[in-house]
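Each chain, written out:
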Amino acid sequence: MVEPADRPSTAGQRLGAPESFGVSTLEPGLRPPVQPPGRQVSIRVQMLDDTQEVFQISQRSPGKVLFDLVCVHLNLTEGDYFGLEYQDQRKMTVWLDLLKPTLKQIRRPKNTILRFVVKFFPPDHTQLMEELTRYLFALQIKRDLACGRLICNDTSAALMVSHIIQSEIGDFDETQSWQHLLHNKYLPDQDAIRDKITDCHRKHVGQTPAESDYQLLEIARRLEMYGVRLHPAKDREGTKLSLSVAHTGVLVFQGYTKINAFNWSKIRKLSFKRKRFLIKLRADPAQNAHHDTLEFAMASRDCCKVFWKICVEYHAFFRLFEEPKPKPKPILFTRGSSFRFSGRTQKQIIDYVKDSEMKKVPFERKHSKILSNSSMTPQSSSFRSQVPKESAMSVPLADQPDSARLGHQAESNGSEEPLPVTASANGFQDTPVAPGSDPIQSRQNHHGTRSAPDQQLLNPGSPASEDSPLGSPHVVVNGNGSVNGQEMGGTAVLGLGQSPEGRQLSPLTSPLLTEAGYVRNEDEDEARRKKFPTDKAYFIAKELLTTERTYLKDLQVITESFQSFVGKDEAFPDSVKKLISTNYDPVHKFHQGFLKEVEQRLAQWEGRSNAHIKGDYQRIGDVLLKNIQGLRQLTIHLQKHSECLVELERACRSSRKVETLCRDFEQQRVCYLPFNVFLLRPLHRLLHYKLILERLCKHYPPTHDDFRDCRAALADISEMVLQLQGTMMKMENFQKLLELKKDLTGLDNLAIPGREFIRLGCLSKLSGKGLQQRMFFLFSDSLVYTSRGMTPSNQFKVHGQLPLYGMTIRESEEEWGVPYSFTLFGQRHSVVVAASCASEMERWVEDIRMAIDLAEQSSGLNTDLLSTGLSDNKLLEDSGAEQESEEELCGSRSSLERQGHRGNTTVHVCWHRNTSVSMVDFSVAVENQLSGNLLRKFKNSNGWQKLWVVFTNFSLFFYKSHQDDYPLASLPLLGYSVTVPSESENIHKDYVFKLHFKSHVYYFRSESEYTFERWMEVIRSATCSSSHSLPSTRKDLY
């Protein structure tokens, strides 16, 4: 007997393959079904709303475990109406057998996507007790209509589509409905009956999404093809027919016309023999005995068996009172199939729901733009039922000017239940929290206390650095402290950036992200607060204000900080100075005036001046229209911004002094991002205006006074975006290549015409020493792999490159025994690599295959350019060896003062968090930028602290106020998860979201439901891969 500890390890374990811990999508408090021991396998399931989820199951677990995981994920009580279907190795669509092991049915789980769909269609939708179940049925009807499976006349089709549109966009609006139909395909021949659809939609005014689902199912259930899945067959004469099964029995179709039906009460036995499907009927005195058996020929025995199984399941589900018991195993031999229905019957489901009095489950309607109590997911958006109640800001605003307080205040949205709190002006409510009331705090004393702040310093190799929630979230996987393994320079003020002993803190151990300097007077300024509007348009306008403040600060980095920094040095070319000044100063000056107008309008909207008496100022469209028309006059300057970027790079290449000057400026605190990113800001800001105006137009009814101005402004800004989009995309790719060039050593001339960046990230490369962590960079012509250098600059040293032309890729997990591994076969050599998880492997394989196709189609790039750069760059490395060694002698702290930002780039974060990002992710991040005031709290603290927070470039940047010139701390979000707190966390506040990575946990409070949703949305864009889950208007352009 071999002890478990002595069992031989697999080849992957011997080679150091990372253990996969899977992906958990379960609601806190719900437990997954019990699984047998064994290796975990990732299974992808596509939901009815077209999202995909990954579930971890044991390799020996039956299909029921996976099915139960899906139902728990959805909080679905009536799950037995549904099933999981997939394509087997014979390319046949079959149902997952809940009694058999999943991996015996799905031979290649990595390449198989199971679809969660409706399996049993009841005759009456009123038998579906829960709104969530009816919503999922409505999604199934929508899918059947779109693929042409649910055949009906034009009137019925138009009426059903009108109910679908009503549930997605709400009441009829001619422009919106027309645009919605243009961009969404609900029927194969939708254009022919578009007028009928809009006419029907006009009649649904006031109808909620739940009512629309009900009406949709009411129409669908009366159709002859409702729930019908056709199985081709032939009768004895060879006539082509189709068989189907329904709740009533077996149906026979010729084309799409039902020509016969055999009720369950008339069927004595269903069987199959080879290709023949047999229906044995009960004897009828009116007919001869030889007519009691009907025979149909199907394409194969497998087709017969698939149809026979679904007939058995339909009969048991609709006709039996309870699940059939398994047959006893025969002693000697078996005859026939042992297949049986597994699960609750319809009667059991109805009885269970009636008896249990289940609580109404909140859920999210993915395609619906209507906010309702039901349109919330259990995981992310059940705002009113699951988001804890929250209280007021913890920092007084009395000492701030009105313009500073503008970003903090909004009217309370009220509460359904009377609470012993004081309603504040900004949507926060004050509920004092007693010290020591957090039960988590008592279990986490090992993290340190406020009485000993020096214990919270994040030092290299410190045992507490891994676990401390107060440590830097720049976590090294191996526990080395911050992202670059060294302490980051902090501010010069004691308490803001240094410990009492004088040691510098990590950026995230400042009072912004530690407990030092907490202010807990949460209710002392309640009397000073006023009530402000609660209209969604007000919060959209407020988002315009807060992001405009950040944008103006970013412009000042170019027009003031950079120009004053390089103006002192004669080495910087005057032509480049003049080019930047000429094309950025007018933009900066224009937006200064724009910001003043927006601030004035928000003050009038809130009633903080007497201006509201003289007119209606609760609008923003007129201000946007006026200034966007003024912004169009600056188009000639915006078109020149690409030239500024190119000329600045050309100057850096031609002069080492200019390059050093620009690099030194990037180490300034005010330059919190790579400088080239700031040069792109004006073009990116156009996208933000467009998205804000789209939200306003969706919110306003056509009769609103502000709608016309917003629509006109949207038309103008859309035209500008379209005009400058080509320039913007080229600049983004060029900027990204320039940024990577700073992170890589051993490459020369990375930014060449025609080369496009596609993806960067961490993979493990298989070599004679086992699996070794490497950083991979995928371009349109080659794949480069590197390792992190030991120099103070923290650059990545290039080890090799694989030209994409002629490359092939093959999954090789079985060959090498390494999970999530695949082999890249180049023209000269091959490389075996492994990803950290199934989703990462899928993203890499998909992007590499796409890049290979692009490389084979294009003959413009020389695939040897990178290798030439490598050989040429060896001279540069040799010549700089002496200087590099001198830098190493300077010590870690001084080197980080010079190279502070380089240790915190996206490349380094991906390296330490073992993940990857693509160019699509960067493009989505450009659109998802946000700033504003948030309250922040740790899991083991009692107070909330007010911060000005800027989200950009996959990171949160923290300021004391929006007037600060530079951030005091930053938090890279790659690898983090964003959720709402569970009840066990005792965060009894409204609009709170939680960020966590390993042991690092932060809670943030927003002032309203709209801002809460926006922060959740933009942060998810940084923590989820957009290439698979986040739609983007610019995604298809890459």
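Residues numbered from 1 in each chain as written. Predicted model: local features only at pLDDT ≥ 70, side-chain atom pairs only at ≥ 80, totals over all residues. Heavy atoms only, no water.

**Q** Where do I start with the overall build of the protein in this structure?
**A** Per the secondary structure count, the protein includes 30 helices and 30 strands. Considering only contacts within the protein whose residues lie at least 6 apart along the sequence, 66% involve residues at least 24 apart. Accessible surface, the protein as shown: approximately 46400 Å² in total, 50% of it carbon and sulfur. (Helix = DSSP H or I, 4+ residues; strand = E, 2+ residues; numbered from the N terminus. Contact = heavy atoms within 4.5 Å. Areas by Shrake-Rupley, 256 points an atom, 1.4 Å probe, with all protein chains shown as cover.)

**Q** Would you explain helix α20 (residues 656-666) in this entry?
**A** Quick reminder: α-helices carry 3.6 residues per turn. Residues three or four places apart thus point the same way. Restricting attention to buried positions, one finds in α20 the residues Val658, Leu661, Cys662, Phe665 and Glu666. Down the axis, α20 shows its buried residues gathered within 140 degrees of arc, on one side only. Exposed residues pointing more than 90 degrees away from the buried face of α20 are listed as Arg656 and Lys657. Where α20 is buried, its residues touch α15 (536-567), α19 (641-654), α21 (675-699) and α22 (707-743). (Buried < 20%, exposed > 50% of the residue type's maximum accessible area, 1.4 Å probe, protein only. Arc of directions from axis to C-beta.)

**Q** So what exactly am I meant to see when it comes to the sheet that holds strand β25 (residues 945-952) here?
**A** What holds strands together in a sheet is hydrogen bonding between their backbones, with the strands either parallel or antiparallel. Spatially, the 7 strands line up as an open sheet ordered β27-β26-β25-β24-β30-β29-β28, and their pairing is antiparallel. Two strands in the sheet have a free side with no partner beyond their single neighbour: β27 (969-972) and β28 (977-979). For this sheet, the mean angle separating the axes of adjacent strands, direction not counted, is 35 degrees. The sheet contact formed by strand β29 (residues 992-997) and strand β30 (residues 1000-1005) spans 6 bridges and is antiparallel. Each residue of the ladder has a partner; that of Phe993, found in β30, is Phe1004. Packed onto the sheet, α15 meets β24 (930-938) and β25 and runs at close to 95 degrees relative to β24. (Pairing = 2+ DSSP bridges. Axes fitted to C-alpha atoms, helices over the stretch in contact; angles between N-to-C directions.)

**Q** Just to check I follow, could you spell out the environment of Thr534 for this structure?
**A** Secondary-structure assignment places Thr534 in the loop between α14 (464-467) and α15. Here Thr534 falls in the partly exposed class, since its relative accessible area comes to 41%. Taking the C-alpha atoms as reference points, Thr534 and Ser1008, 474 residues apart in sequence, are found 8.4 Å from one another.

**Q** Hey, could you run me through the pairing of strand β6 (residues 231-234) in this one?
**A** Looking down a regular strand, the side chains alternate between one sheet face and the other. Because side chains alternate across β6, one face comprises the buried residues His231 and Ala233, and the other comprises Pro232 and Lys234, none of which is buried. The pairing of β6 with strand β7 (residues 240-245) spans 4 bridges and is classified as antiparallel. Paired with Ala233 across the two strands is Leu241, which belongs to β7. Taken together, β6 and the strand that follows it, β7, pair antiparallel across an intervening segment of 5 residues, in which Gly238 is found at a positive phi of about 90 degrees.

**Q** What should I look at first to understand the packing of aromatic side chains in this one?
**A** Where two aromatic rings form a pair, the distance of their centres and the angle of their planes describe that pair. Taken as a whole and judged by the stated rule, the model has 37 aromatic pairs. Here the aromatic rings of Phe594 and Tyr689 are separated by 5.8 Å at their centres, their planes lie at 65 degrees, and the arrangement is edge-to-face. You can see Phe594 sitting in helix α16 (residues 574-606) and its partner Tyr689 sitting in helix α21, a full 95 residues away along the chain. Side by side, Phe594 and Tyr689 carry an identical accessibility label, which is buried. Measuring from centroid to centroid gives 5.1 Å for Phe922 and Phe954, while their planes differ by 75 degrees, and the two rings are edge-to-face. In this pair, Phe922 sits in helix α29 (residues 919-927) while Phe954 sits in the loop between β25 and β26 (955-959), placing the two residues 32 residues apart along the sequence. Across the pair, Phe954 and Phe922 agree in class, each one buried. One Lys or Arg, Arg194, reaches over the ring of Trp178 and ends 5.0 Å from the middle of that ring. (Phe/Tyr/Trp six-rings, centres within 6.5 Å; stacked < 30°, edge-to-face > 60°. Lys NZ or Arg CZ within 6 Å of the ring centre and 35° of its normal.)

**Q** Please explain the packing of helix α5 (residues 154-169) against helix α6 (residues 174-183) as it appears in this structure.
**A** A packed helix pair is summarised by two numbers, namely the angle formed by the two axes and the spacing between the axes. Interaxial distance between α5 and α6 falls to 11 Å at its minimum, and their mutual angle equals 110 degrees. What the angle tells us is that α5 and α6 run roughly perpendicular. Considering the relative orientation of α5 and α6, their crossing is right-handed. Within the contact between the two elements, α5 uses Val161, Ile165, Glu168 and Ile169 and α6 uses Gln176, Ser177, His180 and Leu181. (Parallel < 35°, antiparallel > 145°, perpendicular 65-115°, else oblique. Left-handed = near helix turned anticlockwise from the far one by under 90°.)

**Q** Quick question: what am I supposed to make of the side chain of Ser787 here?
**A** Within the element layout of this structure, Ser787 appears in strand β18 (residues 782-788). Within the local environment of Ser787, its side chain forms a polar contact with the side chain of His799, the two groups lying 2.5 Å apart. Apart from residues no more than four positions distant in its own chain, Ser787 is found in contact with Arg774, Gln795, Phe796, Lys797, His799 and Trp911. (Polar contact = N/O pair within 3.5 Å; in protein donor to acceptor, adjacent residues only side chain to side chain.)

**Q** Even after reading the chapter, I still don't get the environment of His912, so can you show me in this structure?
**A** Tracing the chain through its elements places His912 in helix α28 (residues 906-913). Residue class for His912 comes out buried when judged on its relative accessible area of 5%.

**Q** Just checking my understanding: could you explain the nonpolar core for this structure?
**A** Generally speaking, nonpolar side chains in soluble globular proteins are found buried as a group. Core analysis: the largest hydrophobic core is formed by 130 residues, its most contacted members being Leu696, Leu956, Phe993, Leu995 and Trp1015. With near-sequence residues (within four places) excluded, Phe993 lies in contact with Leu934, Val978, Thr979, Pro981, Tyr1002, Tyr1003, Phe1004, Phe1012, Trp1015, Met1016 and Ile1019. With 96 residues, the next largest nonpolar core counts Leu128, Ala246, Phe272 and Leu281 among its residues. (Core = buried A, V, L, I, M, F, W, Y, C linked by side-chain atoms within 4.5 Å.)

**Q** Hey, could you run me through the confidence of the model for the protein in this one?
**A** Summarising the model, the protein shows a mean pLDDT of 75, and 71% of its residues fall at 70 or more. At the level of individual helices and strands, the protein shows its lowest average pLDDT in helix α27 (residues 892-898), which scores 31, and its highest in strand β5 (residues 113-118), which scores 94. For the stretch residues 610-614, pLDDT sits under 50, and the model shows 5 contacts to residues farther than four places along the chain or on other chains. Throughout residues 1026-1038 the model reports pLDDT below 50, and contacts reaching past four residues in sequence, or to other chains, amount to 35 contacts. (pLDDT = per-residue confidence, 0-100.)

**Q** Quick question: what am I supposed to make of the pattern of salt bridges here?
**A** Oppositely charged side chains may form a pair once their charged atoms are brought near each other. Evaluated as defined, the whole model comprises 46 salt bridges. For Arg221, the salt bridge goes to Glu218, with nearest N and O atoms at 3.4 Å. Note on Arg221: relative accessible area 26%, which makes it partly exposed. Its relative accessible area of 17% is what places Glu218 among the buried residues. The partner of Lys742 in a salt bridge is Glu666, and the shortest N-O contact between them spans 2.9 Å. One end of the pair, Lys742, is in helix α22; the other, Glu666, is in helix α20, and 76 residues separate them in sequence. The partly exposed category is assigned to Lys742, whose relative accessible area is 29%. Here the residues in one salt-bridge network are Glu543, Arg695, Arg1014 and Glu1017, joined through shared partners. (Salt bridge = Lys/Arg side-chain N within 4 Å of Asp/Glu carboxyl O.)

**Q** Can you walk me through the pairing of strand β8 (residues 249-254) in this structure?
**A** Within β8, 5 of the 6 residues are buried, leaving the element largely enclosed by the surrounding structure. Two strands pair when backbone bridges link them, and β7 and β8 are joined in this way by 4 bridges, in the antiparallel orientation. Its bridge partner being in β8, Val245 is matched across the sheet by Val250. Between β7 and β8, which pair antiparallel in sequence order, lie 3 residues. Alignment of β8 against strand β9 (residues 257-263), held across 6 bridges, turns out to be antiparallel. Directly across from Leu251, in β9, lies its bridge partner Ala261. The hairpin turn running from β8 into β9, its antiparallel successor, is 2 residues long, and Gly255 in that turn takes a positive phi close to 70 degrees.

**Q** Please explain the sheet that holds strand β4 (residues 93-95) as it appears in this structure.
**A** Sheet architecture is open: 5 strands sit in the order β2-β1-β5-β3-β4, paired in mixed fashion. Looking at strand neighbours, the two that pair on one side only are β2 (52-58) and β4, the edges of this open sheet. Ignoring strand direction, the axes of neighbouring strands in this sheet form an average angle of 40 degrees. Bridge analysis of strand β1 (residues 40-46) against β5 gives 3 bridges, and the strand direction is parallel. The residue bridging Val45 from the neighbouring strand is Leu114, located in β5. The strands touched by helix α4 (residues 131-146) within the sheet are β1, β3 (82-87) and β5, with β5 carrying the most contacts at an inclination of about 110 degrees.

**Q** Looking at this model, I keep getting lost on unusual backbone geometry. Mind explaining?
**A** Residues apart from glycine generally show negative phi values, whereas peptide bonds are mostly found in trans. Within the chain, Tyr820 stands out as a residue other than glycine whose phi angle is a positive 60 degrees. Note on placement: Tyr820 falls in the loop between α23 (813-816) and β21 (821-825). Non-glycine residue Asn986 carries a positive phi angle of around 55 degrees. Counting through the fold element by element, Asn986 comes out in the loop between β28 and β29. We classify Asn986 as partly exposed; its relative accessible area is 31%.

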